[in-house]
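So the chains spell out like this:
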Amino acid sequence: MKQTMTLKDIQALAETARIELTSAEKAVFPEEISVIMALAEVFDEVDVGSVSPTVYPLEQSISMRADEVEKSLPHEDAVANGPDVVDGYFRVPRIIEEDD
Amino acid sequence: MIDWDVVIGLEIHAELLTDSKIFCGCSTVFGGVPNSQVCPVCMGLPGALPVLNSRAVDLAIKAGLALKCTINEFSKFDRKHYFYPDLPKAYQVSQDDLPICGNGVVEISFEGSPRSIGIERVHMEEEAGKSIHAGESIMSSAYSLLDYNRAGIPLIEIVTKPDIRSPEEARLFLEKLKTLLEYTEVSDCKMEEGSLRCDANISLKPKGTDAFGVKAEIKNLNSFRAVQRALEFEVRRQKEILENQGTIVPETRHWDEAKGMTFSMRTKVDAADYRYMPDPNLYPVRLDAAKIETIKNSLPELPDAKCKRFIDEYGLPAYDGEVLTGSRALADYFEKCVQEVGDAKLVSNWVMGEILRWLNAHNMQIEDSPVGPADLAKLVKLVQGAEVSNIIAKDVLEEMFVSGKSAEQIIDEQGLRQVSDAGELEKMIDKVLEDHPDPVNDVKSGKLQAVGFLVGQVMKASKGTANPKKVNEIIRARLLD
């Protein structure tokens, strides 16, 4: 049941995380990540059938605030770092991918 | 030819009616100057930490209770990762495997039969920003403009079970859901402002088989009518493919309202791996039973209960009950009017007939009606007291809508008070009988239909103010006794 990462898996991971890999990295990652996965697979040997999942390691519960409006950033400050601001909006390249 | 079962599931996003955003104090008011209701938290600036809005939690519980869900005393927030410019942190705070509500049901009536549509879950999440696409549509735009005022507005996502069996049933379900969210004041459900949005999953399977077919997800559904139309289109499209031995591709499709068609939409979100993980900045939400009970007790009378009460208490037909409880404001309007008038069916006829007709024609809601329930009650009481005829009262109502004057004022100004005085009526009737000897002879020889014609002539001569019941009595007495 040992999983081995293929080059294709690595490319898919890189795409999901928006990471660009060099060809040198592409060459070593399949093996390196397979090793890491094998380490993690050790946990598969533990029988956790009777253990309820730990959702959060701490006992604390979330703290909440009342529904009150507070001051927002001044508009000029909010857009100050935008590389391309048009009529108060941030302008970004088209979102739909080109057909290929 | 194979018969197909249609399988539809809906995902509905509803903005919660809070004043401030879910994790920061920025205002949620719609229509502000772009990027003016933003702060480091909702713009995802590094180091900014979220603090949960307690009212958002209360409203999510309220929605869950109205949808007859189980409210989970333990739930948590997760990060859902995807890259899209409307999502400044590159993850959305949502709830993955432990949502706040699960397993509910919404009862609808479809073609006269009751149907139960299961609710899989209701979870809390934050809104993304708003992207405005340049050009004609998202498919052809050269660039997009981003406004983060909407980013961080609290949402609930309601996911149905795949229990819906036709496009029309989908629309009926949505109408009922909207009514429930409005009654409980969880959301204002304004589709035109985007505070209620719906995506639809649809697949076909050969009738009677168990395995679900491959589904398509339809987006850009901007009205309930669009949901129904898009699903109807999709049923035809999928049928045609399947009946020609083709295969359905699992994909997201974009509804084009103008063309009346769905199109395959290849976005960067497609085939995404969301990499859910618990949000380390937000501890789990732990609710106690007492809090849930308090919210339960604060729920208003819901539409099904109200409808049943209208039928039992006022003796209304089921149809009237359903229409009148279609919104809380409409039900309140009706009840206020009944308190004054007494005759519930009479009020129901006026509200469902004249009032709704005028409001629909002017694209207005009952809340904005220029004629209030007390104004209508006064008019209906004048009809009850035979002070004004039913037909003239309809004209008076029209005038009330336009001028804002009271019924009494319009009736007095225009001399519309109904004439019931026998002496005055006799004079008008004498003249009509004299002018129409043939119908008079018809009546005398037993052709009673001609009475109607003569009454009509008197009504015409009196410009509608004669009391038709009295006129009828007098003419019959004159010609038949």
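Residues numbered from 1 in each chain as written. Chains lettered and ligands numbered in written order. Predicted model: local features only at pLDDT ≥ 70, side-chain atom pairs only at ≥ 80, totals over all residues.

Novice: It is not clear to me how the overall build of chain B should be interpreted in this structure. Could you clarify?
Specialist: Check the secondary structure of chain B and you find 15 helices and 17 strands. Projected onto its principal axes, the C-alpha positions of chain B cover 90 × 55 × 45 Å. Taking all 481 residues of chain B together, 41% fall into the buried category. Put simply, 69% of the contacts in chain B that link residues at least 6 apart link residues at least 24 apart. (Helix = DSSP H or I, 4+ residues; strand = E, 2+ residues; numbered from the N terminus. Buried ≥ 20, exposed ≤ 12 C-beta atoms within 10 Å, placed from the backbone. Contact = placed C-beta atoms within 7 Å.)

Novice: Explain the interface of chain B and chain A here, please?
Specialist: Taken together, the contact pairs 44 residues of chain B with 31 residues of chain A. At the level of secondary structure, the elements contributing two or more residues to the side of chain B that touches chain A comprise strand E2 (52-53), helix H1 (54-66), strand E10 (143-147) and strand E17 (285-286) of chain B. Per-element accounting of the side of chain B that touches chain A gives the leading share, five residues, to E10(B). Broken down by class, the residue content of the side of chain B that touches chain A amounts to 23 nonpolar, 13 polar and eight charged. Where strand E1 (residues 64-65) of chain A and E2(B) come together, two bridges link them in parallel fashion. In the sheet register, A:Met64 faces E2(B), and the bridge partner there is B:Leu52. (Nonpolar A, V, L, I, M, F, W, Y, C, P; charged D, E, K, R; others polar. Pairing = 2+ DSSP bridges.)

Novice: So what exactly am I meant to see when it comes to the domain arrangement of chain B here?
Specialist: The extent of an interface is frequently quoted as the accessible surface area lost upon association of the parts. The domain boundaries assigned to chain B delineate domain 1 (9-202 + 270-294), domain 2 (301-413) and domain 3 (422-480). Between the C-alpha centres of domain 1 of chain B and domain 3 of chain B the distance comes to 66 Å. (Domains from an automatic or database assignment.)

Novice: Sorry if this is basic, but what is going on with the pairing of strand E13 (residues 216-221) of chain B here?
Specialist: A regular strand places its side chains so that they alternate between the two faces of the sheet. Residues and elements named next belong to chain B. Judged from the four bridges that link them, strand E12 (residues 196-206) and E13 form a sheet pairing that is antiparallel. Residue pairing across strands places Ile 202 opposite Ala 216, the latter belonging to E13. Where E13 and strand E14 (residues 251-256) come together, four bridges link them in parallel fashion. Among the inter-strand pairings, Ile 218 is bridged to a residue of E14, identified as Arg 253. Following the backbone out of E13, through helix H3 (residues 224-243) and into the adjacent parallel E14, one traces a crossover that is left-handed. (Right-handed = clockwise from strand over helix to strand, strands pointing away.)

Novice: Explain the packing of H1(B) against helix H4 (residues 289-298) of chain B to me, please; I cannot follow it from the model alone.
Specialist: Angle between the axes and distance between the axes are the two parameters that describe a pair of packed helices. All names here are of chain B. Put simply, H1 and H4 touch, their axes get as near as 10 Å, and they point 65° apart. On the basis of their axis angle, the class for H1 and H4 is roughly perpendicular. Crossing of H1 against H4: the hand is right-handed. On the side of H1, the interface is formed by Asp 58, Ile 61, Lys 62 and Leu 65, while H4 contributes Ile 292, Ile 295 and Lys 296. Its residues assigned to classes, the contact of H1 with H4 shows four nonpolar, no polar and three charged. (Axes fitted to C-alpha atoms, helices over the stretch in contact; angles between N-to-C directions. Parallel < 35°, antiparallel > 145°, perpendicular 65-115°, else oblique. Left-handed = near helix turned anticlockwise from the far one by under 90°.)

Novice: For this particular structure, what's the right way to read the pairing of E14(B)?
Specialist: Residues and elements named next belong to chain B. Looking at chain direction, E14 and strand E15 (residues 261-264) are connected through four bridges and run antiparallel. Bridging across to E15, Trp 255 finds its partner in Thr 262. Between E14 and E15, which pair antiparallel in sequence order, lie four residues; one of them, Gly 260, sits at a positive phi of approximately 70°.

Novice: Would you mind showing me how to read the sheet that holds E12(B) here?
Specialist: The strands making up a sheet associate through hydrogen bonds between their backbones, and the pairing can be parallel or antiparallel. Residue and element names in this part refer to chain B. Spatial ordering of the open sheet is given by E3-E7-E8-E11-E1-E12-E13-E14-E15, a layout of nine strands whose pairing is mixed. Only two strands of the sheet have a single neighbouring strand rather than two, namely strand E3 (70-71) and E15. Examined bridge by bridge, strand E7 (residues 101-110) and strand E8 (residues 113-126) share nine bridges and lie antiparallel to one another. Among the inter-strand pairings, Gly 102 is bridged to a residue of E8, identified as Arg 121.

Novice: Help me out: how do you make sense of the nonpolar core in this one?
Specialist: For soluble globular proteins, nonpolar side chains are generally found buried alongside one another. Among the nonpolar cores identified, the biggest contains 76 residues, and B:Ala60, B:Val122 and B:Ala200 are the most heavily contacted of them. In terms of nonpolar packing, the next biggest core, distinct from the first, is built from 35 residues, B:Leu324, B:Val338, B:Ala377 and B:Ile410 among them. (Core = buried A, V, L, I, M, F, W, Y, C linked by C-beta atoms within 7 Å.)

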